[in-house]
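# Notes for the structure review
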Amino acid sequence: MTAPDEGAFDALRGQLRDAAATFADGPDALADILLGIVDDVDRAAREPLEIFPVCHHSPASAIAMARRLRAKQPKVVYLELCEDMAPLLSELRNCTLPVAVQAFASEIDGFPIEWAPLSVVAPITEASAEYQAIAYALDTPGVELVLVDRSSDHVYQWEPRDRDGGEQADQDAPPAEEESALHGDAIGLEIGDLRPRFAELEEHLLRHGRVRHWSEWWHQYVELPLGDCDHDTYRQVMVLIGSLFRRLAPGDSRRVRVDEDRERYMWTRMREHLAATGTDPADCLYVCGAFHAAARVAEFGIEGTDTYEIGPRTATTWQYGLIPSSHAAIEAQFGLAAGSVSIAATVWAKNLRRTGAQPFRLVGQAGAKKAAKPKKSAKAAPSAPAVPDAPAGDRLSGFLGRPPVLDRLDEDELLGWSVEVVRAARRNGYLASTADAIAVFETSILLAEMRDRAKPTPYDFQDAAVTCIEKDVVPGRRDVRRLVEIMMGGDRIGKVGYDALPPLARDVHDRLAPLGLNLEQRGVRRALLDIAARPELARCSDVLWMLRYLMPPGTARPIMGERRLGEPAIQESWDLALGTQQRALIELGYEGVSIEQVLEQRLRRAAYGPHATAASVLAAVEDATLYLRGGRLAEELGGRALDVLATERSVDGAPEVLRRVRRLLAYYRTSEPVLPTWIESFVKTGYAHYCTLLPTAFTDEDAGVREVAAMLGFLFGMESLALSLGCDRTQLELAVAQSHPEEPAKVALSWAARVQLGGLSRAELRRRCDELLGNPLVLPAYPQYLSGFVHALEPVPGLTDFVVEAVSNAFARLPDPVLLPWLPTLIGTLRSGGAELAPLLIREAGRIFPGRLAALDAWVPPWRAPAGPAVRPADGRSGAGGPGLALLAAHPVACDAVAGLLGCTEPWASAEVGAPGAALVERHPAAAAALAALFVDA
């Protein structure tokens, strides 16, 4: 395109100068702005390298781009897009649009660690000018596509280090909805960000345009007028808008400074390419946002300065791929109104039918209709030289001075919309009828007239539908506004084809192929795995459990079946949503080539992280055994757990350590011929470690009763293994002897430990509890002692009957003002830390207490029963008589054998006391007393 005449815009400059003097009482600031805008348009028009300004996802820009490419047939297309994303664009033909080109980095070097992972996305829809340029360049022989914008690494280099506290470029908070969150918290890149940079201007435009949001203003006052304009008019108007918003933006805005650096970067890259290839600038086309087309930097143009130096990239390793996108995700990422991208897609399809323009589509584009073959007469040879355009004069004066073209009302289209929205409303539970369709039709026309519009826009129709159909409540999960958005094109969600997926994602689909499900489709799919009948499905089960571990919740959700150490799978049922979570699966492929590799990396990262604890490392060991069959990785992580435990000075993780060590020991003892070396060393080191920390933990206020009980559980539970490995029991006895707690719960725990070690008898423990109940000063603290005894069941489960006795005595003797406030504490203790302890208490209480309510009044607790023989209770249950008689009656065969050895030949029923075995008891009273004591202690 040749440059316009030198004075092409002189007339327009004069008009604007006069207007500025009239409305601003002097040709100063306003005149500078208005004349500067014209200068920017003139400068862009004179540039030998043609600049094509666009707005992102604008149907008018896409139509103009398609027309211009067919008319000019450039040999080089410079595109405003991250230069490192170029190798990925050819994979767009394997995807269903909209999709987003993504650069992703999980392991960063040169950026703050809290930024990880880094993600940059560039969404692409069919109704966008950049897609037209990409399709033209990739499918036209001899045409080169060159991306000239800063790299993804420079995007984050130019981000402020205080990202949370300052303004973020091209980024909005991620929404909560599923479709809106497809881009996550990635930084989104736009081509043609045409939106006012400060709220005052936007509010002024919306108020005077009688619209609600920016997308509606753009549709009404820019999109529709430019839909039928010629190329020169479109180009000048877009540069005019970009220059206006640029000049009105705050000069100290960080975003403007970044934009200027981007412009320097792009023009430097274009000049480098022109110099390296020797391409004629007249055969090139520069596609950029209208904001950048009005750049005023010194590097602007092919004759600009070459003083800008592009800095090196950091050592961060970037991965690239395509992820699914959606209209809602694009709207949320860039602050557009809900439904605006869907409406743009509808306008794009309508403009194609109305104008007859032939858009460019990638050959084999997934999800696109096959384009009709062009006529031979209309087909132009790609190598044919472009015909120079006639000099373009001032098109702005005519465009700005022309009254708006009033489109006549398309009654058929509006009527179709009204009928369709009523039909959709009825399907979603609204009580809509034909009368509502008529009301929507008439209200749409009325709203358009109130807003000075000759024809209702989709936004007018949407407001009318909400007013006439949605009264007070929404009967379903969709409101009328959402129904209109769906009707106008819906929230189209893209899909990345199998061939464009990373190797990991393809491997996952291949390994799950035996399930016979279309896992690429969105939605939930139910998978039934009868592993017992089809052993080959065990491999699918392994993949699904690893996906459940690695992917977001809901991607692979087990309905039936679980995976535990040492338990083989028989049958499983899963709900799978891999198509819905395709983005997460693709990003998983950036971390490795298989899910086993990614899982191994994450387990190592968790084990060797700065916040790793012995409990978390043991969890990694268990996961490695569950999902990766243990082996070398489990041995390595087990050694890491040993190192972390030796350096810990806190006992906060003791309950978790105990639980996982018990589980791993049980697994290795049943599935391995010998215990692994690392777990033997862990038990040995843990025994010495917890013995050392035990006296301090008993007196430390930060160490809870549950943690101290877990330490004792480790010491007592692992004692036999630790002693066989060379540990000394004297160390544990000294640790308990040196423990002098003051908190009542820990005191009870200490007593239980001494009973286990033999330093305290049960009779002495019972006597101490009786003294506590008999001391009025200590009585309010007695429930705390009981809480300690409950926790003591973890290390000393043999005290279960004594704990039942202590709790029963508390219920019998504690006054209500003390007992009732303690009950919530007891329940909370059993619920939070006693999930394994409550069954012990319940089972023991069921053994001791009578089985029938009628026997409860005459029942005497065993701990209150006299030592001598007594009569068996009427209900036939033992326990009301002497403990020795109960033991003899419970085991008559053993009793006969012992009686024969002792020379007792009297028959059972000959005793005068009327109780079986009484003769043996009378002949040997000392032995009976000893047996009774053993029975009570057991």
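Notes on the structure in this doc start here. (Residues numbered from 1 in each chain as written. Predicted model: local features only at pLDDT ≥ 70, side-chain atom pairs only at ≥ 80, totals over all residues. Heavy atoms only, no water.)

We now examine the pairing of strand S2 (residues 76–82). Of all seven residues in S2, seven are buried; the element is thus mostly enclosed. Strand direction decides the pairing type here: S2 and strand S6 (residues 144–149), joined by five bridges, are parallel. Each residue of the ladder has a partner; that of Leu 79, found in S6, is Leu 147. Judged from the four bridges that link them, S2 and strand S8 (residues 284–289) form a sheet pairing that is parallel. (Buried < 20%, exposed > 50% of the residue type's maximum accessible area, 1.4 Å probe, protein only. Helix = DSSP H or I, 4+ residues; strand = E, 2+ residues; numbered from the N terminus. Pairing = 2+ DSSP bridges.)

It is the contact of helix H25 (residues 677–699) with helix H28 (residues 729–737), at a shortest axis distance of 8 Å, that shows an interaxial angle of 15°. Considering their axes alone, H25 and H28 lie roughly parallel with respect to each other. In the packing of H25 onto H28, the handedness of the crossing is left-handed. In this structure, H25 uses Tyr 687, Ala 688, Cys 691, Thr 692, Leu 694 and Pro 695 to contact H28, whose residues at the interface are Arg 729, Gln 731, Leu 732, Ala 735 and Val 736. Here the residues of the contact of H25 with H28 are counted per class, giving eight nonpolar, two polar and one charged. (Axes fitted to C-alpha atoms, helices over the stretch in contact; angles between N-to-C directions. Parallel < 35°, antiparallel > 145°, perpendicular 65-115°, else oblique. Left-handed = near helix turned anticlockwise from the far one by under 90°. Contact = heavy atoms within 4.5 Å. Nonpolar A, V, L, I, M, F, W, Y, C, P; charged D, E, K, R; others polar.)

Take the nonpolar core next. One recurring pattern in soluble globular proteins is that nonpolar side chains are buried together. Counting residues in each nonpolar core, the largest one holds 201 residues, and the members touching the most others are Leu 512, Leu 547 and Phe 682. In this view, Leu 547 contacts Val 508, Leu 512, Ala 556, Leu 578, Leu 585 and Ile 595; residues no more than four positions away in its chain are not counted. The next biggest cluster of nonpolar side chains, apart from the first, holds 25 residues, and it includes Leu 447, Ala 465, Cys 468 and Ile 469. (Core = buried A, V, L, I, M, F, W, Y, C linked by side-chain atoms within 4.5 Å.)

Looking now at the environment of Tyr 608. Its place among the elements puts Tyr 608 in the loop between helix H21 (595–607) and helix H22 (614–628). Counting along the chain gives 29 residues from Tyr 608 to Leu 637, while the straight-line C-alpha distance between them is 8.9 Å. Apart from the residues within four sequence positions on either side, Tyr 608 is in contact with Glu 636, Leu 637 and Arg 640.

Paired through backbone hydrogen bonds, the strands of a sheet run either parallel or antiparallel to each other. The three strands are arranged S11-S13-S12 in an open sheet whose pairing can be described as antiparallel. What marks the edges here is a single partner per strand, and that holds for strand S11 (525–530) and strand S12 (556–560). The sheet shows a mean angle of 25° between the axes of neighbouring strands, direction not considered. Taken together, the six bridges between S11 and strand S13 (residues 571–576) define a ladder with antiparallel strand orientation. By the bridge assignment for S13, Arg 525 is matched with Leu 576. Each of S11, S12 and S13 is contacted by helix H19 (residues 537–550), which is oriented at about 50° to S13, the strand it contacts most.

Note that an α-helix has 3.6 residues per turn; residues three or four places apart therefore point the same way. Every buried residue belonging to helix H34 (residues 838–848) is among Leu 841, Glu 844 and Ile 848, and all of these are buried. Seen end-on, H34 carries its buried residues on one side only, within an arc spanning 70°. Turned more than 90 degrees from where H34 packs its buried face, Ile 842, Arg 843, Gly 846 and Arg 847 sit exposed. (Arc of directions from axis to C-beta.)

For His 154, the location among the structural elements is in helix H5 (residues 152–157). Given a relative accessible area of 3%, His 154 falls into the buried group. In this structure, His 154 is in contact with Tyr 265, Ile 310, Gly 311, Pro 312 and Arg 313, ignoring residues within four places of it in sequence.

The next point concerns the pattern of salt bridges. Summed over the entire model, instances satisfying the criterion amount to 46 salt bridges. The shortest N-O distance in the salt bridge between Arg 262 and Asp 259 comes to 3.7 Å. In this pair, Arg 262 and Asp 259 are both assigned in helix H9 (residues 254–277), three residues apart and thus about one turn of the helix distant. Note on accessibility: Arg 262 and Asp 259 belong to one class, buried. Measuring nitrogen to oxygen at the nearest pair gives 2.9 Å for the salt bridge that ties Asp 575 to Arg 557. Here Asp 575, found in strand S13, pairs with Arg 557, found in strand S12; they are 18 residues apart in sequence, far enough to count as distant. (Salt bridge = Lys/Arg side-chain N within 4 Å of Asp/Glu carboxyl O.)

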